[in-house]
Amino acid sequence: MIGIGLRTTHFTDILRDEPEIDFFEAISENFMDSGGRPSFMLDKIAERYPIVLHGVSMNIGSTDPLDFDYLRKLKSLSKRVNARWLSDHLCWTGVGGRNTHDLLPLPYNEETLHHVANRVLAVSDFLGAPLVLENASSYAEFTSSSMPEWEFLARPVELTGCRLLLDVNNVYVSAYNHGFDPKRYIDAIPRGSVAQYHLAGHTNYGTHIIDTHVGPVIDEVWSLYAYTLERLGNDPWTLLEWDAEIPDFATVHAEAMKASGAPAPSPAESIHA
Amino acid sequence: MLDRTQRWMYSVIADPSGPAIAAREAERHILPSRTLSAADRVLIYTGMYVSRFAEALAADYPALAHYLGEEQFNDLVARYIEKHPSTSYTLNRLGDALPEFLTGFERDLARLELAMTLVFDEEETPVADLTQLPADRAESMRLVPIRACRVLSLNYNSNECFQAFRDEAPMRPRRTKNYLLVHRKDYSVHRTRLTKKAHDFLRELGAGKTLGDAIVSVKPSQHELFEWFRDWSAAGLFQSFGE
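Predicted model, so just to flag it, every value in this text is computed and none were measured. (Residues numbered from 1 in each chain as written. Chains lettered and ligands numbered in written order. Predicted model: local features only at pLDDT ≥ 70, side-chain atom pairs only at ≥ 80, totals over all residues. Heavy atoms only, no water.)

J.: Looking at this model, I keep getting lost on the overall build of chain A. Mind explaining?
T.: Check the secondary structure of chain A and you find 10 helices and 12 strands. In terms of overall size, chain A behaves like a compact globule, its C-alpha atoms giving a radius of gyration of 18 Å where 273 residues would be expected to give roughly 19 Å. Referenced to the eigenvectors of the C-alpha coordinate spread, the extents of chain A come out at roughly 50 × 45 × 35 Å. Considering chain A as a whole, with its 273 residues, one finds that 61% of them fall into the buried category. Across chain A, every contact between residues at least 6 apart in sequence was considered, and the portion connecting residues at least 24 apart equals 79%. For chain A, the exposed surface amounts to about 10,300 Å²; the carbon and sulfur share of it is 50%. Of the side-chain charges in chain A, 20 are positive and 37 negative, and the distance between the mean point of each set is 7 Å. (Helix = DSSP H or I, 4+ residues; strand = E, 2+ residues; numbered from the N terminus. Rg over C-alpha atoms; globule rule 2.2 N^0.38 Å. Buried < 20%, exposed > 50% of the residue type's maximum accessible area, 1.4 Å probe, protein only. Contact = heavy atoms within 4.5 Å. Areas by Shrake-Rupley, 256 points an atom, 1.4 Å probe, with all protein chains shown as cover. Lys, Arg positive; Asp, Glu negative; His and termini not counted. Charge placed at Lys NZ, Arg CZ, Asp CG, Glu CD.)

Quick look at the structure:
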């Protein structure tokens, strides 16, 4: 199953042309509080395509209390569009009642892990469905971390029964920024735990990479995606995100469809090499 | 420990003294990479903080952002979010206090753009058929406007300037009292000039006055009433009526 991140600039093309695509992913917060055109369009698109909801503001890793007003609206939106699942990021976005609207990294240690696991259980219970957690890209690592990110991502699956949204581009970005082997990350993800993959472009500044979701997916990420499919299977749905300098729908669609024929890992990169 | 770490990182990101805090304390919290120091790494997040809000506010206030230019608009956003940091899961309402943060033409233009954003996002409401208004009891009726509707009293030619922005023409602000209806129909936002009387009449109805009381208060002519209701009925401006 191959999908595209739903963006307002493409609404008209999608409803007019009904392109061949397996599903759309909508950013939850863009539709929770709008009763205007975006909501109307989402409802129309949900009549024709499966929808998954992807959030950026659950703040699951924060020490602030969970926002049940937000969760109520999320649950209602999910029911309205018959979302196949709800995902958000394994991160925090704000503290002390303030929101940075950024996906901020967590210290990877037992304290954080248990804090997050308890909140994932509370959210899943409230939503009546297992939460799907995505690995966020990061630009900084904490001195208080005591385990690698891949372990920190995999452990909540055991502790809470949640599923994962494995962002292959984010694995690549974080591997570049923190100097680890991205394949080691993929190897640590339990097979069967992944509901969805993400692919996207990014911006390389030389000293570090920022996850900008701009431009096409680079070859190295396609190669890592092929490796991921080999290790974790192609049952999870794959989604292309394109959020900056968004081109016409046909270009985004063509980029997404490359996932249906993702190249096999080159011999030098293959796990069998 | 986690709470302390998050509050520290928030202060580095959002506090104007963030870079100084990072320079002093980053190594205690953040590991360096092979290419960046601990402070440089955490300051990546600081660098994106204002620009993220500037991008969000420029989407809601495109004409104001254009009028001020990038540097001045970003400076405005930095000052604004220091006073009005986001406290919500959504960025949609972040800019609601921006007009009150401004003066003169900029405030007037921001009020217009805020009204347009609010109207764009409002919940859809049904539209009443005004031909069903009972003629014998019309004066005792209260007409309820649709939610996606705002009535503005402006002090500058902000609507003209907004149109100039849309048309990629120069904005030429000048002081002039004028009145505007901003409403949504078929999911499109419309801006319509109003006379002062029409503005006052809609204000009275919006405040819950009966048609009769609004007529007594504003004193429109029969011709004005006919034209208003013809236009407002076509615009689908009322969601219901009743005594």
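J.: For this particular structure, what's the right way to read the interface of chain A and chain B?
T.: The extent of an interface is frequently quoted as the accessible surface area lost upon association of the parts. Every contact between the two is made by 49 residues of chain A and, on the other side, 40 residues of chain B. Here chain A packs against chain B, burying approximately 3,900 Å² in sum over the two surfaces, 60% of which is carbon and sulfur. Here chain A and chain B share 2 salt bridges between them. Residue D102 of chain A is joined to R52 of chain B by a salt bridge in which the shortest nitrogen-to-oxygen separation is 3.0 Å. The interface formed by chain A and chain B contains 26 residue pairs in polar contact (both at pLDDT 80 or more). Sorting the residues of the side of chain A that touches chain B by element identifies α2 (29-32), α3 (37-48), α4 (68-81), β5 (92-95), β6 (98-104), α5 (110-127) and α7 (168-178) of chain A as the ones contributing at least two each. Ranked by residue count, the leading element in the side of chain A that touches chain B is β6 of chain A, at 7 residues. Of the residues contributing to the side of chain A that touches chain B, the split by class is 16 nonpolar, 22 polar and 11 charged. (Buried area = accessible area lost by both parts, 1.4 Å probe. Salt bridge = Lys/Arg side-chain N within 4 Å of Asp/Glu carboxyl O. Polar contact = N/O pair within 3.5 Å; in protein donor to acceptor, adjacent residues only side chain to side chain. Nonpolar A, V, L, I, M, F, W, Y, C, P; charged D, E, K, R; others polar.)

J.: How should the sheet that holds strand β7 (residues 132-134) of chain A be read in this particular structure?
T.: Residue and element names in this part refer to chain A. Here we have 8 strands rolled up into a closed barrel, ordered β1-β2-β3-β4-β7-β8-β9-β12, and parallel in their pairing. Averaged over all pairs of adjacent strands, the angle between their axes in this sheet comes to 25°, without regard to strand direction. Judged from the 3 bridges that link them, strand β1 (residues 2-5) and strand β2 (residues 23-27) form a sheet pairing that is parallel. By the bridge assignment for β2, G3 is matched with F23. Its contacts with the sheet place helix α10 (residues 249-257) against β1, β2 and β12 (237-241), and it is angled at close to 140° to β1. (Pairing = 2+ DSSP bridges. Axes fitted to C-alpha atoms, helices over the stretch in contact; angles between N-to-C directions.)

J.: Is there a simple way to explain the pattern of salt bridges in this structure?
T.: A side chain with one charge may pair with a side chain of the opposite charge, provided their charged atoms come close. Enumeration according to the criterion identifies 29 salt bridges over all chains in this entry. Residues E100 of chain B and R107 of chain B are paired through a salt bridge, measuring 2.5 Å at the closest nitrogen-oxygen approach. Classification of E100 of chain B by relative accessible area gives exposed; the value is 52%. One salt bridge in this structure joins R111 of chain B and D108 of chain B, with 3.8 Å as the shortest N-O distance. Of this pair, R111 of chain B and D108 of chain B are both found in helix α6 (residues 104-121), 3 residues apart, which corresponds to roughly one turn of the helix. For R111 of chain B, a relative accessible area of 24% gives the class partly exposed. Members of the salt-bridge network, linked through shared partners, are D13, R16 and D17 of chain A.

J.: How should the packing of aromatic side chains be read in this particular structure?
T.: The description of two aromatic rings rests on the distance between their centres and on the angle between their planes. Counting across every chain of the model gives 27 aromatic pairs over all chains. Plain terms: the ring middles of Y108 of chain A and F152 of chain A are 4.8 Å apart, the flat faces sit at 40° to each other, and that makes the pair tilted. Of this pair, Y108 of chain A sits in the loop between β6 and α5 while F152 of chain A sits in helix α6 (residues 149-160); the two residues are 44 residues apart in sequence, bridging distant segments of the chain. With respect to burial, Y108 of chain A and F152 of chain A carry one shared label: buried. Among the aromatic side chains, those forming a connected cluster through ring pairs are F201, W228, F229, W232 and F238 of chain B. Note that K183 of chain A overlies the ring of Y227 of chain A, its terminal NZ or CZ placed 5.2 Å from the centroid. R34 of chain B extends its terminal NZ or CZ atom over the ring of Y176 of chain A, reaching a point 5.5 Å from the ring centre. (Phe/Tyr/Trp six-rings, centres within 6.5 Å; stacked < 30°, edge-to-face > 60°. Lys NZ or Arg CZ within 6 Å of the ring centre and 35° of its normal.)

Take it as geometry only, folks, not as evidence of what the structure does.
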